[in-house]
Amino acid sequence: MTRRPLAACLVALGVAATLGACAAEPDAPASSTEAVAAAERPPNIVFFLVDDMGWRDVGVFGSTFYETPHIDALAEQGVRFTNAYAATHVCSPTRASLLTGKYPARLRLTDWLPGRREHAFERLLSAEKLAALPLDEVTLAEAFREHGYSTAIFGKWHLGGGEAGPLNQGFDVQKPDFPGSTPRGGYFPPYLMAGLVAEGEEDEYLTDRLTDFAVEFIEESQDGPFFLYLSHFAVHDPIEGRPDLVLGYREKAARTEPPAGPDFLLEGNPDDPEPLSRAQLNALLEQPSHQEHGVLPQDTVKIKQHQDNVEFAAMVTAVDDSLGRVQSTLDRLGLTGNTIVVFYSDNGGMSAANFGNPARKVPPDLLDVAYSTSNLPLRGAKGWLYEGGIRVPLIVRWPGAGQTGAVHDEPVISPDFYPTLLEMAGLPPRPDQHVDGMSFAAAVKGEDFERGPIYWHFPHYSNHGMQSPGGAIRDGAWKLLEYFENGTVQLFDLENDAGEQRDLATEQSARAAELRDRLHAWRESVSAAMPRSR
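Residues numbered from 1 in each chain as written. Predicted model: local features only at pLDDT ≥ 70, side-chain atom pairs only at ≥ 80, totals over all residues. Heavy atoms only, no water.

Engineer: Mind laying out helix H3 (residues 91-100), listing which residues take part and the relevant values?
Structural biologist: Burial runs high along H3: 10 of the 10 residues are buried. Among all positions in H3, only Cys-91, Ser-92, Pro-93, Thr-94, Arg-95, Ala-96, Ser-97, Leu-98, Leu-99 and Thr-100 are buried. Where H3 is buried, its residues touch strand S1 (44-50), helix H4 (104-107), helix H5 (140-145), strand S6 (226-231), strand S9 (339-345) and helix H12 (417-424). Just downstream of H3, Gly-101 is the residue with a positive phi angle, here 75°. (Buried < 20%, exposed > 50% of the residue type's maximum accessible area, 1.4 Å probe, protein only. Helix = DSSP H or I, 4+ residues; strand = E, 2+ residues; numbered from the N terminus. Contact = heavy atoms within 4.5 Å.)

Printed below as a string of structure tokens:
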């Protein structure tokens, strides 16, 4: 196998070490030697996964406060998907779906692990679920490794510990050795996760350390091919930004006109026997009974409306720095022209605070510790089946085959990555494994692509609101949500109402009934587990 010369591509992105760094320059054209080398081996894959990054937390997706020059540059070099979805509004099920090509409902891995504990006030008992990703699933990493790829995961696994860990699921390398949701020890040393040592580096930042591992892996695997799963803990809480970036954002906030409108809005449970209207929720927001931040009367919680949290903003830009360093490494080693890059998030932004403990009250001076971001114009947040909880940023760069600077509006969802990446790599499909995924490689190339209906199933209570367990279907512009306590449905026309403010279930009753029947038929086809009555 011919190794590419290091001189083939020396245009580096540089690292956005301080706020306001310039965006990356376009990739240098591949030399003839580089083109020959690319033709002799399959493409490398970099799957860059961010935790809890909302759909609008990226500049190219509409943020005017967060600075993401490297992510924005990737969009110019690839395809930006405006209707990309996570399989659920919490982390573990989405991660399982992208690694298996199966919906969480089919896997029976439908909640974050280990999941929310039961509370006496909940009318239903959560559906039974798996405690780890089964070893008999052939993961995407296993599929690549079977075809000669080196494989590595750096960062968050969250699909089970011990024997269920990534080293038994197709990965050659794992750091850190930690199965949990949030980084134990936080984003600064001393880390409390096996495999991370930072002696004498108290100001080191976890996102940067994981990127160090990724860069080293690329350098060691440059004769490839390799599958790099850089699965950041960021931007999941604890909300701890890198100090230099926090300082920059404090200065930016001080010179920026404060955003208009209220800082928070109320959301209730749409499945209540008499759900509150938007006018009623807005009126309650002015009442003394609803001034605190916690689980409030009438089953209401507050949703953040502005992107102004400087600590969180710094976390976003640190992730952008990470992507810049990865891209710079690919450029420096002459690998850019033969490396597919996917940028994606596992669920929507945390605009609603975590109330896994319903008695929690957030003091006024700690709001930026509890609420990350705003998903506007989308409704809801992580933990909700509204668009703010499940629609996420997605960018795919496929050198030599995919479009550049393109935007694609057709919906795609996380189980689709498995068949898509196999097709892009020129590897045979595994239809018995990725039974719920559909390759969208054609969409990346600019060819006709129609995904068809997509589904969600969350038979649990969420930590981030008081809504009932439920499910949803999207088909074309139409999205129907069904809740499991009282059987309430909501119907939205996303083409004309992306913010899901006008419920058309009564006005379009025949359409709602048809979509509900299809949702029920799908649940039966995947043997979805349902909540149980107390």
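Engineer: How would you summarise the pattern of salt bridges if you had to cite specific residues and measurements?
Structural biologist: Between side chains of opposite charge, a pair can form as their charged atoms come close. Evaluated as defined, the whole model comprises 31 salt bridges. A salt bridge links Glu-387 to Arg-391, with the shortest nitrogen-to-oxygen separation between them at 2.7 Å. Classification of Glu-387 as buried rests on a relative accessible area of 0%. Glu-387 serves as the salt-bridge partner of Lys-479, at 2.8 Å between the closest nitrogen and oxygen. Of this pair, Lys-479 sits in strand S15 (residues 478-483) while Glu-387 sits in helix H11 (residues 387-390), and the two are 92 residues apart along the sequence. Accessibility classification places Lys-479 together with Glu-387 in one group, the buried group. Connected through shared salt-bridge partners, Asp-51, Arg-95, Lys-156 and Asp-346 make up one network. (Salt bridge = Lys/Arg side-chain N within 4 Å of Asp/Glu carboxyl O.)

Engineer: With reference to specific residues and values, describe the packing of aromatic side chains.
Structural biologist: Using the criterion set out here, one finds 29 aromatic pairs in the structure. Centroid distance Tyr-103 to Tyr-455: 6.3 Å. Interplanar angle 80°. Geometry classified as edge-to-face. Residue Tyr-103 is located in the loop between H3 and H4, and its partner Tyr-455 is located in strand S13 (residues 454-458); the two are separated by 352 residues in the primary sequence. The same class applies to Tyr-103 and to Tyr-455, which are both buried. By the ring-pair criterion, three or more aromatic residues cluster together here, those being Phe-47, Phe-81, Phe-144, Tyr-149, Trp-157, Phe-171, Phe-227, Tyr-229, Tyr-344, Phe-417 and Phe-440. Cation over ring: Arg-391 sits above Trp-55, and NZ or CZ is 5.2 Å from the ring centre. A cation sits over an aromatic face here: Lys-479 above Trp-456, 6.0 Å from the ring centre. (Phe/Tyr/Trp six-rings, centres within 6.5 Å; stacked < 30°, edge-to-face > 60°. Lys NZ or Arg CZ within 6 Å of the ring centre and 35° of its normal.)

Engineer: Explain the sheet that holds strand S16 (residues 489-493) to me, and be specific about the residues and the numbers.
Structural biologist: The four strands are arranged S13-S14-S15-S16 in an open sheet whose pairing can be described as antiparallel. The strands lining the two open edges of the sheet, one partner per strand, are S13 and S16. Averaged over all adjacent pairs, the angle separating strand axes in this sheet is 10°, with direction ignored. Pairing analysis gives five bridges linking S15 to S16, with the strands arranged antiparallel. Bridge pairing in S16 places Leu-480 opposite Leu-491. Lying over the sheet, helix H14 (residues 509-525) contacts S13, strand S14 (470-475), S15 and S16, oriented at roughly 65° with respect to S15. (Pairing = 2+ DSSP bridges. Axes fitted to C-alpha atoms, helices over the stretch in contact; angles between N-to-C directions.)

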